Amino acid sequence: MTITWYGQSCFKVETREAILAIDPFSKDIGLTPPRFHADLALVSHQHHDHNNVSAITLRSAKESSENSDPKELAVIAGPGEYEIKGFVISGIPTFHDSRQGGDRGPNTLFRIEAEGISIAHMGDFRESSIREETLTALGNIDILMVPVGGTYTIDAEAAAKTVKKIEPRLVIPMHYALPGLKIKLAPVEDFLKEYGIVRPEQLGKLSLKKKDLPDETKVVVLKAE
């Protein structure tokens with residue numbers, strides 16, 4: 001499995017069988033939108049920095065003839081259970097604020113399993129504390145993609161507490177300040193300090209197999225593509 005981060009909350013997850021896109025963003029946020037082929041896409045909520053699925057090209061579209069309608073990208077944008085191209089996906093309902101969606105509406109937290117590895121992508125999770133029913137629905141998580149920049153999501157302190165409750169084996173921070181980003185967010189260093197990380201591992205991409213996962217929780221900071 002290979003995981004690539006494009007900034008904000010956008011990831012590409014590649015397995016032997018398929019490619020998954022998560023939360024592609026629009027150019028309105030100041031970053032260059034992701035451009036790659038995928039077999040399916042996940043959208044945690046309908047805000048322009050998470051739902052630009054038009055930036056993603058269906059991987060099999062090139063196989064369509066000129067006389068046939070191209071297949072559409074499969075998009076999952078809400079709670080439910082799904083199984084597509086080797087990905088087993090659970091959409092878990094959460095909120096984009098601490099008032100049960102009263103300010104910014106719903107958010108879907110996705111649990112993704114492929115090649116024996118479980119991933120949780122938290123989208124724009126902003127609840128004051130992760131609920132027990134959410135933790136139960138998540139189960140054991142190998143890789144946690146957690147927002148840390150505050151403003152529209154949990155901040156560094158809440159993110160550190162959330163990581164300790166979920167107890168993943170790998171943590172990938174997301175949704176934090178980057179050069180060019182127009183949205184005011186805190187830097188990833190705030191989370192690293194709060195979590196007690198002095199020298200995090202920094203990678204361009206994360207490539208691993210199940211056997212490569214650490215026994216204790218480790219934070220990996222990815223460079224945005």
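Further up the page is the structure itself.
So, here's what we can say about the structure. All values derive from a computational prediction rather than experimental measurement. (Residues numbered from 1 in each chain as written. Predicted model: local features only at pLDDT ≥ 70, side-chain atom pairs only at ≥ 80, totals over all residues. Heavy atoms only, no water.)

**Remarks on the overall build of the protein chain**
In terms of regular secondary structure, the protein chain is built from three helices and 16 strands. In the protein chain, which comprises 225 residues, the share counted as buried stands at 53%. A fraction of 59% describes how many contacts in the protein chain between residues 6 or more apart in sequence connect residues 24 or more apart. For the protein chain, the accessible surface area stands at approximately 10900 Å², while carbon and sulfur atoms represent 45% of it. The positive charge centre, built from 27 side chains, and the negative charge centre, built from 32, are 4 Å apart in the protein chain. (Helix = DSSP H or I, 4+ residues; strand = E, 2+ residues; numbered from the N terminus. Buried < 20%, exposed > 50% of the residue type's maximum accessible area, 1.4 Å probe, protein only. Contact = heavy atoms within 4.5 Å. Areas by Shrake-Rupley, 256 points an atom, 1.4 Å probe, with all protein chains shown as cover. Lys, Arg positive; Asp, Glu negative; His and termini not counted. Charge placed at Lys NZ, Arg CZ, Asp CG, Glu CD.)

**Examining the pattern of salt bridges**
Evaluation of the coordinates by the stated rule reveals twelve salt bridges. Where Lys 218 meets Glu 201, a salt bridge forms, and the shortest distance between an N and an O atom there is 2.4 Å. With Lys 218 in strand 16 (residues 218-222) and Glu 201 in strand 14 (residues 201-203), this pair connects stretches of sequence that are 17 residues apart. On the accessibility criterion, Lys 218 (34% relative accessible area) is partly exposed. Ionic contacts of the salt-bridge type, sharing partners, join the residues Asp 142, Arg 169, Lys 210 and Asp 215 into one network. (Salt bridge = Lys/Arg side-chain N within 4 Å of Asp/Glu carboxyl O.)

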